[in-house]
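Residue-level structure breakdown
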Amino acid sequence: MTNEKNIAIEAKNVNVYYGTKHVLKDINIAIEKNSVVAFIGPSGCGKSTFIRCFNRMNDFIESFRKEGDIIINNKEIYDRSIQVEELRKEVGMVFQKPNPFPKTIFENVVYGLRIQGENNKKTLRETAEKCLRDAALWDEVKDDLNKSALELSGGQQQRLCIARTLAVKPSIILMDEPASALDPISTSKIEDLITVLKKDYTIVIVTHNMQQAARVSDKTAFFYLGDMVEFEKTQTLFTNPQKELTQNYITGRFG
Amino acid sequence: MANKRNRRIDKAFRITGLLATCFGVFVLIILLGSILIKGVTRLNFQFLSSLPSRFAAKAGILSALSGTLWIFGLTALFAIPVGIGAAVYLEEYGKKNKLGGFIEINISNLAGVPSIIYGLLGLGIFVHALKFGPVILAGALTLALLILPIIIVSTREALKAVPKTIREAAYGLGATKWQVIRTQVLPASAGGILTGMILALARAIGETAPLIVVGALAYVPFVPKSPFDNFSVLPMQIFNWVSRPQKEFTVNAAAAIIVLLVITFILNGFAVFLRNKWQQKVKW
Ligand SMILES: Nc1ncnc2c1ncn2[C@@H]1O[C@H](COP(=O)(O)OP(=O)(O)OP(=O)(O)O)[C@@H](O)[C@H]1O
Ligand SMILES: [Mg+2]
């Protein structure tokens, strides 16, 4: 199986079930490299389920079952030949609630390298600095690298989680409502960061905030009850949606 | 109206609670006080370093104390690795299906089985079937079986308390299951695991019944040198002394009780210390 040259993630006829519950229905999508794609839709429509398919975070749910193909780097990622740990290094994830490890800021950033056996102090220090800079956190924490990460503010913690993800050098970053637990200032910092990171990464972001989707994403997919109703250039989707459902949702008539 | 009534109930409950607490504390003070008054004069180096004797004034707890320490060490050696290993397997690797639930309930039940039953099990397996005889090893293995369910249950609770978000974060960075357990789950739950372990061991050194059944002796005129020696333990020695007719021996018993209490208090205090220390370090 192969991706077209400029495609980072491709889903073909993906169906997902929890037990007998059908939560994603025949989804087809192609996400371009170095673009930001936003998933929007009412609560429970399957956005998190879908995004968690891309790094196989659903593997831990016993009732989870997937049909169809999800192709990343020319391979179906649920194929037996895939090592899921390698996949997750390639496809990083930032979660809804900031979840730093109860360790120092430094150890949080280099965790991904440590578990790969990297113990060279110089390499670790350089990576930590670079990733913290890339996550726009360096200036705030450079003197406190040995302080516990739990002492940071929520917004700082979330940027630390982004830095930690960058450290394992993924090509794709998944973000499931990364700013929903944050204040407006921290949120706008994360949004700025996304626009910068787009140069080097492909980003998929789930959000309930439509302004946010409009601000940061190139394309937007609207989900409703397990269907992907519409997938369009963000500007088109918000100004001139093709489907009535989308129109109703973005104008706030339900959701 | 209802408000007034609720306030009265609230007050009544507070007073009942206060009385119950006072009663508990009162009984404890009487108990400890009478033992302290009786035994503290007998506590001296001679008492700690002498073997048992027919003469109360010359008798000491050296052999019983060393027996208790032997039992403590060996029990810990057997029960801790097996208990933690089993708990990690059941909690992290075992499937959460019907069989898993069945095993979980049964382990909790085992923690409630009367200790003398474990004594009989130990007698049957270690003393007779494996032909160890009534030695330290048999006693330690029996107590290890006794506290194993307690360690497993408390370790599982500690593992369960580690939030899912931490595990997800580690998996998300490409960690394998064992790496997640070793680098995140075990460190984060170490406080709880240690606390449970220490409390279980504190229980083990206070046990008498299973050791009587296994064949601990009441009179051991030597200090055990190997796991294959006969032995006594502090609770046995205490029991032996209080059942003697001569009054002086009950003073010895009181003094030995103080020693046993001090050991358990130290262990429990250590457990509390560890718990507080880890709770401060690991906040979610
Ligand atoms: N572990 C699970 N077991 C069974 N059903 C689940 C599980 N997780 C999610 N679901 C169901 O799958 C559907 C999609 O859930 P999902 O979390 O993907 O929605 P979502 O679009 O992310 O919603 P939200 O915006 O509230 O985060 C929901 O109906 C939910 O109840
Ligand atoms: Mg969600």
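Residues numbered from 1 in each chain as written. Chains lettered and ligands numbered in written order. Predicted model: local features only at pLDDT ≥ 70, side-chain atom pairs only at ≥ 80, totals over all residues. Heavy atoms only, no water.

Counting its secondary structure elements, chain B contains eleven helices and zero strands. Seen along its three principal axes, the alpha-carbon backbone of chain B occupies a region of about 70 × 65 × 35 Å. Burial status across chain B gives 44% buried among its 284 residues. For chain B, the exposed area adds up to about 15,000 Å²; of that, 73% sits on carbon and sulfur atoms. Between the mean site of the 28 positive side-chain charges and the mean site of the 9 negative ones, chain B shows a separation of 6 Å. (Helix = DSSP H or I, 4+ residues; strand = E, 2+ residues; numbered from the N terminus. Buried < 20%, exposed > 50% of the residue type's maximum accessible area, 1.4 Å probe, protein only. Areas by Shrake-Rupley, 256 points an atom, 1.4 Å probe, with all protein chains shown as cover. Lys, Arg positive; Asp, Glu negative; His and termini not counted. Charge placed at Lys NZ, Arg CZ, Asp CG, Glu CD.)

Turning our eyes to something else, we now look at unusual backbone geometry. All names here are of chain A. Of note in this structure, asparagine 74 is not a glycine but carries a positive phi near 65°. When you line up the elements, asparagine 74 lands in the loop between strand E4 (64–72) and strand E5 (75–76). Unusually for a residue other than glycine, lysine 169 sits at a positive phi of about 55°. By the secondary structure assignment, lysine 169 is in the loop between helix H6 (154–166) and strand E7 (172–176).

Contacts between the two partners involve 20 residues from chain B and, on the opposite side, 20 residues from chain A. With both chains or domains summed, chain B and chain A bury close to 1,800 Å², and 62% of this area falls on carbon and sulfur atoms. Considering only the side of chain B, the residues that lose the most area to chain A are Glu168, Tyr171 and Leu173 of chain B, jointly responsible for 34% of the buried surface there. In this assembly, chain B and chain A are joined by one salt bridge. Here glutamate 168 of chain B and arginine 52 of chain A are joined by a salt bridge, their closest N and O atoms 3.0 Å apart. Between chain B and chain A we count five residue pairs in polar contact (both at pLDDT 80 or more) in total. Counting residues per element, the ones that place at least two in the side of chain B that touches chain A are helix H7 (164–172) and helix H8 (177–206) of chain B. Among the elements that line the side of chain B that touches chain A, the one with the most residues is H7 of chain B, at seven residues. Each residue belonging to the side of chain B that touches chain A can be placed in one class, and the counts come to nine nonpolar, seven polar and four charged. (Contact = heavy atoms within 4.5 Å. Buried area = accessible area lost by both parts, 1.4 Å probe. Salt bridge = Lys/Arg side-chain N within 4 Å of Asp/Glu carboxyl O. Polar contact = N/O pair within 3.5 Å; in protein donor to acceptor, adjacent residues only side chain to side chain. Nonpolar A, V, L, I, M, F, W, Y, C, P; charged D, E, K, R; others polar.)

A few words on the sheet that holds E4 of chain A. All names here are of chain A. The four strands are arranged E2-E1-E4-E5 in an open sheet whose pairing can be described as antiparallel. Each edge of the sheet is formed by a strand with only one pairing partner; in this case those strands are strand E2 (21–32) and E5. Across eight bridges, strand E1 (residues 7–18) lies against E2 in antiparallel orientation. Within the sheet, the bridge partner assigned to isoleucine 7 lies in E2 and is glutamate 32. (Pairing = 2+ DSSP bridges.)

We now examine the domain arrangement of chain B. Residue and element names in this part refer to chain B. By domain assignment, chain B separates into domain 1 (2–42) and domain 2 (46–281). Using only C-alpha atoms to locate each centre, domain 1 and domain 2 end up separated by 30 Å. Contact with domain 1, which involves seven residues of that partner, is made by 14 residues of domain 2. In total, about 790 Å² of surface goes out of reach between domain 1 and domain 2, with carbon and sulfur atoms giving 73% of it. The three residues of domain 1 that bury the most area against domain 2 are Ile35, Lys38 and Arg42, which together make up 73% of that side's buried surface. (Domains from an automatic or database assignment.)

This part covers the site of ligand 1. Residue and element names in this part refer to chain A. In the region of ligand 1, 13 residues are neighbours, and Ser43, Lys47, Ser48, Thr49 and His208 sit closest. Serine 43 is positioned such that a nitrogen or oxygen atom in its side chain is 2.4 Å from an oxygen atom of ligand 1. Measuring from an oxygen atom of ligand 1, one finds a side-chain N or O atom of lysine 47 at 2.7 Å. Bound to the protein, ligand 1 loses 65% of the 630 Å² it would expose on its own. Of all the secondary structure elements, the ones that give two or more residues to the shell around ligand 1 are E2 and helix H1 (47–53). Broken down by element, the residue count for the shell around ligand 1 peaks at three residues, all from H1. Looking at side-chain class alone, the shell around ligand 1 contains four nonpolar, six polar and three charged residues. (Near = heavy atom within 4 Å.)

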